[in-house]
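Spelled out, the chains give:
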Amino acid sequence: MSEPLAERMRPHQLDDYIGQEHLVGEGAVLRKMIDAGRISSFILWGPPGVGKTTLAHIIAQKLQTPFFTLSAVTSGVKEVRDVIEKARNSRFFNSVSPILFIDEIHRFSKNQQDSLLGAVEKGVVTLIGATTENPSFEVIRPLLSRCQLYVLKPLEKDDLLRLLQRAITEDVELKKRKITLSETGAILRYSGGDARKLLNILELVVEAANSEEVVVDDQVVVNCLQQNPLAYDKDGEMHYDIISAFIKSIRGSDPDAALYWMARMIEGGEDPQFIARRLVISAAEDIGLANPNALLLANAAFDAVMKIGWPEGRIPLAECAVYLATSPKSNSAYMGIGTALEMVKKTGNLPVPLHLRNAPTKLMAQLGYSDGYKYAHDYPGNFVVQQFLPDELKDSRIWHAQHSPSEEKLYQNMLRCWGERFK
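Predicted model, so just to flag it, every value in this text is computed and none were measured. (Residues numbered from 1 in each chain as written. Predicted model: local features only at pLDDT ≥ 70, side-chain atom pairs only at ≥ 80, totals over all residues. Heavy atoms only, no water.)

1. Remarks on the pairing of strand S3 (residues 99-103)
Stage number 1. Most of S3 sits inside the fold, with 4 of its 5 residues counted as buried.
Stage number 2. Pairing analysis gives 5 bridges linking S3 to strand S4 (residues 126-131), with the strands arranged parallel. Across the sheet, residue Ile 102 finds its bridge partner in S4, namely Gly 129.
Stage number 3. Between the parallel pair S3 and S4, the chain is carried across by helix H6 (residues 110-122), and the sense of this crossover is right-handed. (Buried < 20%, exposed > 50% of the residue type's maximum accessible area, 1.4 Å probe, protein only. Helix = DSSP H or I, 4+ residues; strand = E, 2+ residues; numbered from the N terminus. Pairing = 2+ DSSP bridges. Right-handed = clockwise from strand over helix to strand, strands pointing away.)

Next up, the structure:
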């Protein structure tokens, strides 16, 4: 049985690498390091199928250095220490450090990441990590500070078309067939900038054809993909369609639909952390001040999933989804911060009123800093009218209550404090 097309088409040198010109094109930062023969530890952050793993292999081959890999899914602290010891023993005097490639590094626990620090810092290994998640949230700060971060982009249309042409003209299996690319709109759309997905779809279409001549057009692609309606592509178009349906079901207060779309994601192998993160976002954006406990529960569900893992993690996720769907809704905070951001973009860095500034030095006090500030707790009801916005915006309104039962209490309190300003 031959390898999948995506594996057969994996390039082995930079000249055959498609995309990411901003990193590996002539004169680009990563290309310069590779050509110089020495690289520092770095993390590649980008969506699936854009060449993170391939780039790591090409670099190791170009530098002719030992190459070790770890999977964050199957490796523990022991495996990390073992591979570091192997790397230490494989390094020759004054040679380039062995490369340790960790795919899905965002799945490494804190302890696993901690166990890498010493080896990376001392140059025992050059770490190349690959992640589809924001490293700022998933990689511990000490490790992140020791690595450069390079962002990979989804492949552009021209990149994908080049890859298609290369596949049908150079692949040992495909060039045995007479393949015509009549239309490419559907295959490009469904691939979503993912080279692996693109080649998988092409291979599926070719295998489904009953003749040596294969015409690839939009209808053929759609028909082939629809024959597997339960196939959930967690990195492609359906991924975004289903998560969109999930969030909109919660926003629309339909717990049945929310559970259904969650089940679709679970059956499709979606990362539980991705579902949990979306629930936290929904709690803040769509439920908001109408039920502040929603955000607490969403955070608790996220923590529970991290602690108990899968498959039991589906239970707190389901509990949270139902709670959010059945909660009253308000996006007043979401709309408020949007209004504030637009205001800042239009008005720039307006000065802070003097009475709101700190006066830690005598000179600042002499300049009027903090002069006239009224400490709210010194007044009845812990409130006193004073100006908090810059002078140019002092009469502006940003937050507007939406009068859900919970938010109505907040609104009434603002009316008591500010009177006409909040009417």
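From this point, the discussion proceeds with the structure in view.
2. Regarding the packing of helix H9 (residues 157-170) against helix H11 (residues 195-208)
Stage number 1. Put simply, H9 and H11 touch, their axes get as near as 11 Å, and they point 45° apart. On the basis of the axis angle, H9 is oblique to H11. Judged by the sense of rotation from one axis to the other, the crossing of H9 with H11 is right-handed. Counting all contacts with H9, which are made through Leu 160, Leu 163, Leu 164, Ala 167 and Ile 168, the residues of H11 involved are Ala 195, Leu 198, Leu 199 and Leu 202.
Stage number 2. Classifying every residue of the contact of H9 with H11 gives 9 nonpolar, no polar and no charged. (Axes fitted to C-alpha atoms, helices over the stretch in contact; angles between N-to-C directions. Parallel < 35°, antiparallel > 145°, perpendicular 65-115°, else oblique. Left-handed = near helix turned anticlockwise from the far one by under 90°. Contact = heavy atoms within 4.5 Å. Nonpolar A, V, L, I, M, F, W, Y, C, P; charged D, E, K, R; others polar.)

3. Considerations on the sheet that holds S3
Backbone hydrogen bonds hold the strands of a sheet together, and the pairing may be parallel or antiparallel.
Stage number 1. Strand order in the open sheet formed by 5 strands is S2-S3-S4-S1-S5, with parallel pairing between adjacent strands. Across the chains shown, the open sheet's two edge strands, defined by having one partner strand only, are strand S2 (67-71) and strand S5 (148-151). In this sheet, neighbouring strand axes are inclined to one another by 20° on average, regardless of whether the strands run parallel or antiparallel.
Stage number 2. Lying on the sheet, helix H5 (residues 77-90) is in contact with S2 and S3; it crosses S2 at an angle near 175°.

4. Let's talk about the packing of aromatic side chains
Stage number 1. Overall, the coordinates contain 5 aromatic pairs when judged by the stated rule.
Stage number 2. Plain terms: the ring middles of Phe 383 and Trp 418 are 5.1 Å apart, the flat faces sit at 75° to each other, and that makes the pair edge-to-face. Of the two residues, Phe 383 sits in the loop between helix H19 (362-366) and helix H20 (405-418) while Trp 418 sits in helix H20, which places them 35 residues apart along the sequence.
Stage number 3. Between Trp 399 and Phe 422, the ring centres sit 6.4 Å apart and the planes meet at 50°, which makes this aromatic pair tilted. Remark: Phe 422 occurs in the segment after H20 and Trp 399 occurs in the loop between H19 and H20; sequence separation between them is 23 residues. (Phe/Tyr/Trp six-rings, centres within 6.5 Å; stacked < 30°, edge-to-face > 60°.)

5. Observations concerning helix H15 (residues 272-287)
Stage number 1. With 16 residues, H15 extends 21 Å from end C-alpha to end C-alpha; this agrees with the ideal 22 Å at 1.5 Å per step.
Stage number 2. Its side-chain oxygen at 3.0 Å from the backbone nitrogen of Gln 273, Asp 271 defines the N-terminal cap of H15. (Expected span 1.5 Å × (residues − 1). Polar contact = N/O pair within 3.5 Å; in protein donor to acceptor, adjacent residues only side chain to side chain.)

6. Overview of the pattern of salt bridges
Stage number 1. By the definition in use, this model includes 16 salt bridges.
Stage number 2. Salt-bridge contacts for Glu 121 lead to Arg 146; the nearest nitrogen and oxygen are separated by 2.9 Å. On the criterion of sequence distance, the pair formed by Glu 121 in helix H6 and Arg 146 in the loop between helix H8 (141-145) and S5 is long-range, its members being 25 residues apart.
Stage number 3. By relative accessible area, Arg 146 is classed as partly exposed at 30%.
Stage number 4. Look at the salt bridges and you will find they share partners, linking Asp 15, Glu 26, Arg 31 and Asp 35 into a network. (Salt bridge = Lys/Arg side-chain N within 4 Å of Asp/Glu carboxyl O.)

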